[in-house]
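Remarks on the overall topology
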Amino acid sequence: MSRHYLATRSAGIVAAMDITPVRNVSRPGTDPGHPPVATPRPQTHGDHPVDRPVVLSVRALRCRYGTFEAVRGIDLTVRRGELFALLGTNGAGKTTTLETLEGHRRAHDGHVEVLGVDPFAERRRLAARIGLVFQSSGLPAGLTPREVLGLWPRLTPSAARHLAVDDVLARIELDHRADVRIGALSGGERRRLDLGLALINDPELIFLDEPTAAMDPEARLRTWRILRELLADGVTVVLTTHELEEAEALADRIAIMHDGLLAATGTLAELVATHPAVIAARLPHGAPPLPDLGGHVEHDVDRRLRIETRHLQRDLTALLLWSRDHGVRLDDLQATEASLAQVFHAIAGHGPSTDGQEAPR
Amino acid sequence: MTATLALLRIELRLLGRDTTAWGTAIALPLLLGAVWFADLPPMGDGVGTAIVFQVVGLLVMTLHTVGTMSLVNRREQLVLKRWRSSEASTTGVLIGTIGVPAGLVVVQAAVLSVITMLAHGQAPASSTMLLVGVLSGVVTIGAVTFVVASFTRSSDHALITTFPVVALLMGGAVWAMMRPFDPLDWPVLAIPGGASVQLLRLGWDGPTQAGAGAAAWLGDAAASLGATALISLVATAAAVRVFRWEPRA
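This is a predicted model, so every value here is computed, not measured.

1. A closer look at the overall build of chain A
Broken down by element type, chain A carries ten helices and 14 strands. Taking the contacts inside chain A whose residues are at least 6 apart along the sequence as the reference set, 70% of them involve residues at least 24 apart. Accessible surface computed for chain A: about 15,200 Å², of which carbon and sulfur atoms make up 49%.

Here you go:
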């Protein structure tokens, strides 16, 4: 998702007033009133995300390690065909949450339902319907990709369909390394194999724990492409990541965990809307008083102007008109929409702003 | 069952590719067997004792020590978690992981016992009861291995955590062999692996009532089989409660 960004070094930029510094924050098919156009999902039910069936539901989830409470009561819902990204600082509780959803960990309190079943109690039943990518591979180094992919159908015999091993190898672009021992694969190749293993039983839901960690930029893009293809096929994806760019590029909705709580949840647009945009410029000596701007205005000793505003277009227009009318040159002018990084750092720095409940927006 | 068999096949394949492991697995009994063929004094009644210690040694080394390290390694590498994300049952995953060392113990014990018997020209009263003794040890020590692996943090740590069972089993075997055979020797039966020693002795020497039929065999074996079942069940129940499938648990 590209950030629309305005930067200019000179005055006389009234022409720039035509620029709409509003980011394209909604992915087609995910924003209310914005029907699917670019990524049709034939297996989804209804045009609007809220019309789709819930595949994952968590209410008041709590998980503990001994006396340490890693997850302190979170609610979330994921619908079919959605890519839900779980972000958070180290130790925020992302992996614990994911493991609970996968059925590897019993919730100490709360209600968890995945594809209509309790994932811990019905782990084996669920196994054939989901795909998993762990934080690290979890595959014996002495086996080859072909052997591991060939083994999985025998370990998930109830799956409705198994993909052909060669097709999966080609999709993850490991066909040329199919018979090399896993121990000899690079970190990125192992991550691709993990993804292939998650795909082999043609799952309805995939959990990915930092799927592109250790991948080079090219491999990361290829993985993103595969995830987009899965979404187009109606597969639901839940991923954790430290890569904010990854969440921005892929996620329909994003949740930010901090200290065991869900500090914020929403679409990218909803999350960034909670933080102000910034207009910055350097004013000349003797500049006349600024117009009445809605945002928070600061000057420093170096004549730098900084305006934090929730009405970027309106205030930028007012500033540019003021600059034109008074013949004021605005050096180093920048107008920047709030970013996911700002939202993330604000939460990581100050802690959750809610009581951990999924924020209704 | 399909999943468990698939895991066993994979473990066997991995063992086959680990030249050090299978080399040791084959070389160990053959080397020990060669010792029996070497110029040793006749053992007389000591052949049965030798077989008991061979089996106990295999239970300690091949099953308990290697099994604990194998479980801990696979947990550290998230392999157990990976297998458990399949449709394989919890028991299936554990049997799949430890099944190969357990099977190796049976094969090694059989090879070693046959070599020892051939070297000294003696045969057991019942080969079947010897096999039951070996299987009893595999079940009990296998279950204890799961418990030990539960609180073993790393492969290095396994060198420490396996020691108590090694000492108990070896020391218990020596102590048991110093006592006259009594099918109801409760102190011996209370030691993990003690029942296995009793069954091996029974298999070599025969029942206490000479000339009696199957009832005598069963009568002498009953307490040992009961002790095997009880200790294995207690250890399994403990393992189910405390076994950790991944390092973070």
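2. Let's talk about a nonpolar patch on the surface
Residue and element names in this part refer to chain B. A cluster of nonpolar side chains, contributed by W22, I26, L30, V107 and V111, occupies part of the molecular surface with about 430 Å² of accessible area. Of all the elements in the fold, those that place two or more residues in the nonpolar patch are helix 2 (19-37) and helix 5 (90-120). In terms of residues, the nonpolar patch owes the most to one element, helix 2, which gives three residues. Among the secondary structure elements, L30 is positioned in helix 2.

3. What about the side chain of E87(B)?
The topology assignment puts E87(B) in the loop between helix 4 (79-84) and helix 5. For the buried residue E87(B), which engages in no salt bridge, the nearest side chain bearing the opposite charge is R124(A), 6.4 Å off. The contacts of E87(B), once residues within four sequence positions are left out, are R124(A), A127(A), A128(A), L155(A), T156(A), P157(A), S158(A) and A159(A).

4. Quick word on the pattern of salt bridges
In this structure the tally under the stated criterion is 30 salt bridges over all chains. With a shortest N-O distance of 3.4 Å, R13(B) and E147(A) are connected by a salt bridge. With one member in each of two chains, R13(B) in helix 1 (residues 2-17) and E147(A) in helix 3 (residues 145-155) form a pair that bridges those chains. Take R13(B): its relative accessible area is 30%, and that puts it in the partly exposed class. Look at E147(A) and you get buried, because its relative accessible area is 17%. Where D202(A) meets R161(A), a salt bridge forms, and the shortest distance between an N and an O atom there is 2.9 Å. With D202(A) in the loop between helix 5 (187-199) and strand 7 (205-209) and R161(A) in the loop between helix 3 and helix 4 (165-171), this residue pair connects regions lying 41 residues apart in the sequence. Classification of D202(A) by relative accessible area gives partly exposed; the value is 33%.

5. Thoughts on the packing of helix 3 (residues 46-76) of chain B against helix 5 of chain B
All names here are of chain B. Where helix 3 contacts helix 5, the two axes come as close as 9 Å, and the packing angle between them is 160°. Taken as axis vectors, helix 3 and helix 5 run roughly antiparallel relative to one another. The hand of the helix 3/helix 5 crossing is right-handed. The residue inventory of the contact of helix 3 with helix 5, partitioned by class, reads 16 nonpolar, nine polar and one charged.

Calculation notes
- Residues numbered from 1 in each chain as written.
- Chains lettered and ligands numbered in written order.
- Predicted model: local features only at pLDDT ≥ 70, side-chain atom pairs only at ≥ 80, totals over all residues.
- Heavy atoms only, no water.
- Helix = DSSP H or I, 4+ residues; strand = E, 2+ residues; numbered from the N terminus.
- Contact = heavy atoms within 4.5 Å.
- Areas by Shrake-Rupley, 256 points an atom, 1.4 Å probe, with all protein chains shown as cover.
- Patch = residues over 30% accessible without salt bridge, like charges linked within 9 Å, V, L, I, M, F, W, Y side chains within 5 Å.
- Salt bridge = Lys/Arg side-chain N within 4 Å of Asp/Glu carboxyl O.
- Buried < 20%, exposed > 50% of the residue type's maximum accessible area, 1.4 Å probe, protein only.
- Lys, Arg positive; Asp, Glu negative; His and termini not counted.
- Axes fitted to C-alpha atoms, helices over the stretch in contact; angles between N-to-C directions.
- Parallel < 35°, antiparallel > 145°, perpendicular 65-115°, else oblique.
- Left-handed = near helix turned anticlockwise from the far one by under 90°.
- Nonpolar A, V, L, I, M, F, W, Y, C, P; charged D, E, K, R; others polar.

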